[in-house]
Amino acid sequence: MATIQVELDHVLGKMKPMHAVNNGPVKAPRMFPFYDNFDAYKEAGFPYARNSDASYCQYYGGDHTVDITAIFPNFDADPYDPASYDFACTDHYTATTLEAGTEIFYRLGQKIDHRIKKYDSKPPKDYKKWAIICEHIVRHYNYGWADGFHYNIKYWEIWNEPGNFPECWEAPIEEFYPLFEITAKHLKGCFPEIKVGGPAFATGPLHKYTDAFLSYMREHDVPLDFYSWHLYRAETAEYEKRILFVRERLDFYGFTGTESILSEWNFIKNWKEDMVQSKKELITIKGAAFYAALMAFGQNMPVDMMMYYDACITSTLNGLFFIYTREKLKGYYPFFLFSKLYRIGQHVKTVSDTDCIYAVAAAKDGKDAIMLSYFTNDKSAAEEVVTLKLTGGSADCYALYLLDEAHDAENVGQAAVENGELTLTMAPNTVVFLENV
């Protein structure tokens, strides 16, 4: 028996973008007119898409997309000359994502380089020039430079996983800090209205790079609008440790107003002996229950945004769209459902007395909705009777949507509220969404 208190009149703040992703949709290629995911992607309502590793996808433009070496292929060229830049593929990819209603979270840097010889992870040979190139990419997308646009892209992330040697930064980590300093100061000097941050540290041990990075930035008075980091684990307890650690260290070093952004996450037990099994499970209903659980969990924790990796249709870490047909997988639906909460806007208090039942709720102007996830790694787990104790609401009935092996977030009936309580039964690794009617 599980009991969840839902205080519909106890507003905690805004719903946060826990359902952001890495990478955007694909419109039907010319040769395959019915082979895309644009409509489904748009329907999901992802608030932000980080464009890291976009150059791995040929439908986005492959090696001619997003990365600094793709947009500015000859580093010896003049960074003030529009002819030095190749924006074509990145323009198309960016426009497609924005057309789907998803804002861009722009990663300035390079994709992870798994090749035996590293081409993309070498540090720039001139840090100031690299910053000037980044400046003109911002000018192109936000201020119309070089036949550009006025997209008002807010988030600009400097580099990706610089502590990941040699795949992401083929040099000592200490050589990265000046690049970040020079670029962050230059961009904020040119564009004080944008948010500049990073550096998207990889999973790693808790203290491996965070303290050294934040200490350097404090000592050198570097602006840091957001601090981004990654975690791939299969238990919410691991995310709790990291979320609390990041917030505590940011505050300790004086970055109390700096956002904490988990810019990559997914259901991964580890990157070694369990990686294959993890990839098998992340595309199942178990993966979907984990996604819903972590989004609910994150909403109630001191993290400002979470960005699932990966929504790219060619990625083997994509638990949202089937890689061969582009059809929706079970993992798609928690994002679709969380979008409903996000649109309501106001986060209200929920308290669960059971570790494996995760709850999140939103309410505003007489409209309220609740998402529940029963996530567990315990193969012997049994059904749970779940009682919701509702206060501050007026609905006497809720539409019930079920996500399990047989249902794809479908309306399966109604649940009545009696004496302020609503009771239902949940099987392990399922998701329930309740919406007042």
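Residues numbered from 1 in each chain as written. Predicted model: local features only at pLDDT ≥ 70, side-chain atom pairs only at ≥ 80, totals over all residues. Heavy atoms only, no water.

Student: What is the right way to read the pattern of salt bridges from this model?
Tutor: Any two side chains of opposite charge can pair, given that their charged atoms come close. Per the counting criterion, the structure on display carries 26 salt bridges. Of the charged contacts, one joins Glu43 and Lys328 as a salt bridge, the two residues approaching to 3.1 Å between their closest N and O atoms. One end of the pair, Glu43, is in helix H1 (residues 38-44); the other, Lys328, is in the loop between strand E9 (305-308) and helix H10 (332-344), and 285 residues separate them in sequence. For Glu43, a relative accessible area of 42% puts it in the partly exposed group. (Salt bridge = Lys/Arg side-chain N within 4 Å of Asp/Glu carboxyl O. Helix = DSSP H or I, 4+ residues; strand = E, 2+ residues; numbered from the N terminus. Buried < 20%, exposed > 50% of the residue type's maximum accessible area, 1.4 Å probe, protein only.)

Student: Looking at this structure, I do not really get helix H8 (residues 275-282). What am I missing?
Tutor: Every α-helix winds through 3.6 residues per turn, so residues three or four apart in the chain are directed the same way. If you check which residues of H8 are buried, you get Ser278, Glu281 and Leu282. Looking straight down H8, one finds that the buried residues subtend no more than 95° of arc, so they occupy a single side. Exposed residues on H8 whose side chains face more than 90 degrees from its buried face are Val276 and Lys280. On the buried face of H8, the contacting elements are strand E8 (259-267), helix H9 (285-299) and E9. (Arc of directions from axis to C-beta. Contact = heavy atoms within 4.5 Å.)

Student: What's the story with helix H3 (residues 88-99) in this structure? I'm lost.
Tutor: Along its twelve residues, H3 runs 17 Å from first to last C-alpha, staying within 8% of the 16 Å computed at 1.5 Å per residue. Inspection of H3 places Thr90, Asp91, Tyr93, Thr94, Thr96 and Thr97 among the buried residues, and these make up the whole buried set. In this structure, the buried side of H3 is in contact with H1, strand E3 (48-50), helix H2 (68-71), strand E4 (103-108) and helix H4 (127-143). Positioned one or two residues after H3, Gly101 has a phi angle of 90°, which is positive. (Expected span 1.5 Å × (residues − 1).)

Student: Is there a simple way to think about the pairing of strand E5 (residues 155-158) in this case?
Tutor: If a strand is regular, its side chains alternate between the two faces of the sheet. Burial of E5 is two-sided: the residues Tyr155 and Glu157 facing one way and the residues Trp156 and Ile158 facing the other way are all buried. As paired elements, E4 and E5 share four bridges and run parallel to each other. Across the sheet, the residue bridging to Leu108 is Ile158, located in E5. In this fold, the crossover linking E4 to E5 by way of H4 has right-handed handedness. (Pairing = 2+ DSSP bridges. Right-handed = clockwise from strand over helix to strand, strands pointing away.)

Student: Mind showing me how you'd approach the pairing of strand E12 (residues 367-374) here?
Tutor: Within E12, seven of the eight residues are buried, which leaves the element mostly enclosed by the surrounding structure. Here strand E11 (residues 357-364) hands over to E12 after two residues, with Asp365 in that stretch at a positive phi of 50°.

Student: Looking at this model, I keep getting lost on the packing of helix H6 (residues 210-219) against helix H7 (residues 236-252). Mind explaining?
Tutor: Across the interface, H6 lies against H7 with an axial gap of 10 Å and an inter-helix angle of 25°. It follows that H6 is roughly parallel to H7 by the angle criterion. Taken as a pair, H6 and H7 cross one another with a handedness that is right-handed. Contacts from Thr210, Asp211, Leu214 and Arg218 in H6 reach Phe245, Arg249, Leu250 and Phe252 in H7. Residue classes in the contact of H6 with H7 are distributed as four nonpolar, one polar and three charged. (Axes fitted to C-alpha atoms, helices over the stretch in contact; angles between N-to-C directions. Parallel < 35°, antiparallel > 145°, perpendicular 65-115°, else oblique. Left-handed = near helix turned anticlockwise from the far one by under 90°. Nonpolar A, V, L, I, M, F, W, Y, C, P; charged D, E, K, R; others polar.)

Student: Help me understand unusual backbone geometry in this model?
Tutor: Trans is the common state for peptide bonds, and a negative phi is the common state for residues other than glycine. Cis geometry is adopted by the peptide bond preceding Pro166, which originates at Phe165 and carries an omega value of 0°. Note the cis peptide between Gly198 and Pro199, where omega equals 0°. Of note, Pro199 is situated in strand E6 (residues 195-201). Despite not being glycine, Asn23 shows a phi value in the positive range, around 80°. Along the chain, Asn23 falls in the loop between strand E2 (20-22) and H1. Phi is positive for Trp159, close to 70°, though the residue is something other than glycine. Note on placement: Trp159 falls in the loop between E5 and helix H5 (176-190).

Student: Just to check I follow, could you spell out the layout of surface pockets for this structure?
Tutor: A water-sized probe rolled over the atoms picks out the places where empty space is left. In this structure, the largest pocket encloses a volume near 840 Å³. As for the largest pocket, its lining consists of 36 residues, of which Ile112, Glu161, Asn164, Tyr232 and Trp271 are closest to the centre. Secondary structure elements with two or more residues in the lining of the largest pocket: strand E7 (226-233), H7 and H8. Of the residues in the lining of the largest pocket, the class split is 17 nonpolar, eleven polar and eight charged. Of the volumes computed, that of the second largest pocket is approximately 400 Å³. Forming the boundary of the second largest pocket are 20 residues, of which Phe297, Thr354, Asp355, Ile357 and Tyr358 lie nearest the centre. Of all elements in the fold, only H7, H9, strand E10 (346-352) and E11 reach the threshold of two or more residues within the lining of the second largest pocket. Looking at the lining of the second largest pocket residue by residue, the class counts come to ten nonpolar, seven polar and three charged. (1 Å grid on protein atoms, 1.4 Å probe; cavity = no way out; pocket = protein on both sides within 12 Å on 5 of 7 lines; lining within 4 Å. Points joined across faces, edges and corners; volume = space filled by probe spheres on them.)

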